[in-house]
Amino acid sequence: WMEMYVFRWSQKMATPSFRVRDILCRSYGLEESRFLVVNNGADPETFRPMDKIRCRYMLKIPPERKYLVFVGSFKKWHGIEEIIKALPGLVEKVSDIGLLLVGMGESQEEIEKYILDEGLDRYVFLLGKRSLDEVPVCINASDIGLAPYFDPRINETGFSPIKIFEYMACGLPVIASSIAGIETLFQSDEIGVLVHSGDPEDLLEAVQKLMHDPARMKRYGENGRAAVVRQYNWAAVCETISRGIGR
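Throughout, residues of each chain are indexed from 1 in the direction in which the sequence is written. Given that this is a predicted model, residues contribute local features only at a pLDDT of at least 70 and side-chain atom pairs are listed and counted only at 80 or more, while totals for whole chains, interfaces and linings are drawn from all residues. Only hydrogens and water are set aside when side-chain values are computed; all heavy atoms of the structure are taken into account.

**Student:** Give me the lowdown on the sheet that holds strand 8 (residues 192–195), citing residues and values where you can.
**Tutor:** Strand order in this open sheet of 6 strands is 5-4-3-6-7-8, and the pairing throughout is parallel. Each edge of the open sheet carries a strand with a single partner, namely strand 5 (124–128) and strand 8. Strand-to-strand twist across the sheet, computed as the mean angle between neighbouring axes with direction ignored, equals 20°. Along the sheet, helix 4 (residues 80–93) makes contact with strand 3 (66–71), strand 4 (97–102), strand 5 and strand 6 (144–147), crossing strand 4 at roughly 165°. Two strands qualify as a pair provided that DSSP identifies no fewer than 2 bridges between them. By definition, any uninterrupted DSSP run of H or I lasting at least four residues is a helix, any uninterrupted run of E lasting at least two residues is a strand, and each is numbered from the N terminus. Axis lines are fitted through C-alpha atoms, for helices just across the contact stretch, and the angle between N-to-C directions can take any value from 0 to 180 degrees. Contacts: residue pairs with any heavy atoms within 4.5 Å of one another.

**Student:** Tell me what's going on with the pairing of strand 8, and back it up with residues and numbers.
**Tutor:** Examined bridge by bridge, strand 7 (residues 174–177) and strand 8 share 4 bridges and lie parallel to one another. Bridging across to strand 8, Ala 176 finds its partner in Leu 194. Orient the strands so they point away from the viewer; a crossover is then right-handed if the path from the first strand over the helix to the second runs clockwise. In this view, the connection linking strand 7 to its parallel neighbour strand 8 by way of helix 9 (residues 183–189) has right-handed handedness.

**Student:** I'd like to hear about the packing of aromatic side chains, residue by residue, with values.
**Tutor:** Centre distance within 6.5 Å is the pairing criterion for rings of Phe, Tyr and Trp, where only the six-membered ring of Trp is used; planes under 30 degrees apart are then read as stacked, over 60 as edge-to-face, and the remainder as tilted. All told, the structure shown has 5 aromatic pairs when counted by the stated rule. Ring geometry for Phe 165 versus Tyr 232: centroids 5.4 Å apart, planes at 45°, classification tilted. Taken together, the positions of Phe 165 in helix 8 (residues 162–169) and Tyr 232 in the loop between helix 11 (214–230) and helix 12 (234–244) put the pair 67 residues apart, joining distant regions of the chain. Residue Phe 165 shares its accessibility class with Tyr 232, and that shared class is buried. Lys 85 extends its terminal NZ or CZ atom over the ring of Tyr 114, reaching a point 5.7 Å from the ring centre. Note on classification: 1.4 Å probe, protein chains only; a residue is buried when its accessible area is under 20% of the maximum for its type, exposed when over 50%, partly exposed between these limits. As a reminder, the over-ring test applies to NZ of lysine and CZ of arginine, requiring each to be within 6 Å of the ring centre and within 35 degrees of the ring normal.

**Student:** With reference to specific residues and values, describe a nonpolar patch on the surface.
**Tutor:** On the surface, Met 2, Tyr 5, Val 6 and Trp 9 cluster together into a nonpolar patch covering about 490 Å² of accessible area. Following the sequence through the fold, Met 2 ends up in helix 1 (residues 2–9). Relative accessible area serves as the criterion here: at 46%, Met 2 is assigned to the partly exposed category. The patches described consist of residues with a relative accessible area above 30% and no salt bridge, like charges being joined within 9 Å and nonpolar side chains (Val, Leu, Ile, Met, Phe, Trp, Tyr) within 5 Å. All accessibility values rest on the Shrake-Rupley procedure with a 1.4 Å probe; residue burial counts only the protein chains present in the view. The term salt bridge refers to a pairing of a side-chain nitrogen on Lys or Arg with a carboxyl oxygen on Asp or Glu at a separation within 4 Å.

**Student:** Give a detailed account of the environment of Ser 178, specifying residues and quantitative values.
**Tutor:** Topologically, Ser 178 is positioned in the loop between strand 7 and helix 9. Along the backbone, Ser 178 and Tyr 28 are 150 residues apart, and their C-alpha atoms lie at a distance of 27 Å. Here His 196 takes part through its side chain, which lies 3.2 Å from a polar atom of the side chain of Ser 178. In the analysis that follows, any N or O atom pair within 3.5 Å is treated as a polar contact, provided that within protein one partner can donate a hydrogen and the other can accept it, and provided that, for residues neighboring in sequence, both atoms belong to side chains.

**Student:** Account for helix 12, with residues named and values stated.
**Tutor:** Where helix 12 begins, the side chain of Asn 233 points an oxygen toward the backbone nitrogen of Ala 235, at a separation of 3.2 Å. Positive phi appears at Gly 246, one or two residues downstream of helix 12, with a value of about 70°.

Here it is, written out as structure tokens:
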């Protein structure tokens, strides 16, 4: 009843995707005109490009490798377990690959056990929970940011993952599963590759192809950084919401 009360008495509400707005409208009998759909963003001053090799030395990881990075809370629906299980196939094609996992969560023990049991500790680096100042170092130590989502329920609601904007702000190209709420971001701003498949091997195949195209990686990274500075930053998000509610 509390949700109904809040929704009924709020003059304006903000959601990070059209899917979330539509679900709320159907569930609570609300009008679309009462909603603002506003993407999340990142702080381009905190999350900014840094020297890649220096960041790797700061993290004490081999500086000569090519790295993927995932930042998040290790929820089941994040798809990290699936990525790790498919990783050996990528290692066969990109032998100097490494995967940085930044964060903690409900899947952590299973992930740690699988990595050790399968001998993947040479390729997967568990960096643990990091402070806000350290996360940009972890991202900048990497070459590609990952946002894998293999749970079909995510596409039913859609959302706006903050990790994607933080990757962008640091100048990383992004590879993500195609979910409602982020398609336009990839299509209009060309910040990376969307994988229209629930198969983690397809996502890692996209990684392999992008790793072998440095010019495209550079272009995606520059586009992402420019998009955050221009539009997907918290000041711009607040301004959009402020205009939407008539100040």
